[in-house]
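Chain residues, written in single-letter form:
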Amino acid sequence: MELISHQANKNPNTSVQLTPPSPSRYENQKRRDWNTFCQYLRNHRPPLSLPSCSGAHVLEFLRYLDQFGKTKVHHQNCAFFGLPNPPAPCPCPLRQAWGSLDALIGRLRAAYEENGGPPEANPFGSRAVRLYLREVRDFQAKARGVSYDKKRKRVNRQKTQTLLQTQPPLPLQQHQQQQPQQGQSVMANYSGAIV
């Protein structure tokens, strides 16, 4: 009896079917961005095909998206130019933030290749697009008074010191502390250990 029930559990018709994992937030956003760009190409006058798309068309798309932006970017003659938190409203336009555009281009660049586009002809990786993004970043940094420099991670020195004190030295570390003999380099001593 047990043998029959055991075999019944191995029957593929009674096994639990696994559903594929749902796409990540990034994958969903990439698909939406790709569909939006393809819609933009279809609505372009004259309509454009993907193979005929160039970096200039990508720049047109990015400028088109500015009308939907939510980031206040001050003109140079605005009294609040360069202030990160202006004290009053001003008539300066809303634009797409540089970080949003940069992330969008990264997703579209990946989607282009996933949809059969050759990497060497990827319009989202063109020099014109890279220069445009750099100009937008620099201008928005000045206009909004926001620094886009990457922040360095702070090292917790106390934690590092504690780890160094509690861990015994490794044999390789002890060997590295020895002085190389005359005529030998340090790398020659470890040439067998490098893989």
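The name recorded for the chain in an unreviewed UniProt entry is Protein LIGHT-DEPENDENT SHORT HYPOCOTYLS 1, from Raphanus sativus. Checking UniProt for the chain, the heading Sequence similarities (unreviewed entry) contains the comment "Belongs to the plant homeotic and developmental regulators ALOG protein family." The annotation that UniProt attaches to the chain under Subcellular location (unreviewed entry) is "Nucleus".

A.B. asks: Explain the environment of aspartate 66 here, please?
C.D. replies: You can see aspartate 66 is positioned in the loop between α3 (55-65) and β1 (71-72). Take aspartate 66: its relative accessible area is 11%, and that puts it in the buried class. For the pair aspartate 66 and proline 93, spaced 27 residues apart in the sequence, the C-alpha separation amounts to 9.3 Å. Ignoring sequence-local partners within four residues, the contact set of aspartate 66 consists of Leu94, Arg95, Gln96 and Tyr132.

A.B. asks: I tried to follow the pattern of salt bridges on my own but got confused; where do I start?
C.D. replies: If charged atoms from side chains of opposite charge come close, those side chains can pair. The full count for this structure, using the stated rule, is 4 salt bridges. Between glutamate 114 and lysine 30 there is a salt bridge; the shortest N-O distance is 2.5 Å. Placement of glutamate 114 in helix α4 (residues 98-114) and of lysine 30 in helix α2 (residues 25-43) is noted, with a sequence separation of 84 residues between them. Its relative accessible area of 4% is what places lysine 30 among the buried residues. Put simply, arginine 107 and aspartate 33 hold a salt bridge, and the shortest N to O gap is 2.5 Å. You can see arginine 107 sitting in helix α4 and its partner aspartate 33 sitting in helix α2, a full 74 residues away along the chain. Residue arginine 107 is classed as buried on the basis of its relative accessible area of 16%. Put simply, Glu27, Lys30 and Glu114 are held in one network by salt bridges that share partners.

Definitions and cut-offs
Residues numbered from 1 in each chain as written. Predicted model: local features only at pLDDT ≥ 70, side-chain atom pairs only at ≥ 80, totals over all residues. Heavy atoms only, no water. UniProt positions renumbered as here; feature names shortened; annotations may be inferred. Helix = DSSP H or I, 4+ residues; strand = E, 2+ residues; numbered from the N terminus. Buried < 20%, exposed > 50% of the residue type's maximum accessible area, 1.4 Å probe, protein only. Contact = heavy atoms within 4.5 Å. Salt bridge = Lys/Arg side-chain N within 4 Å of Asp/Glu carboxyl O.

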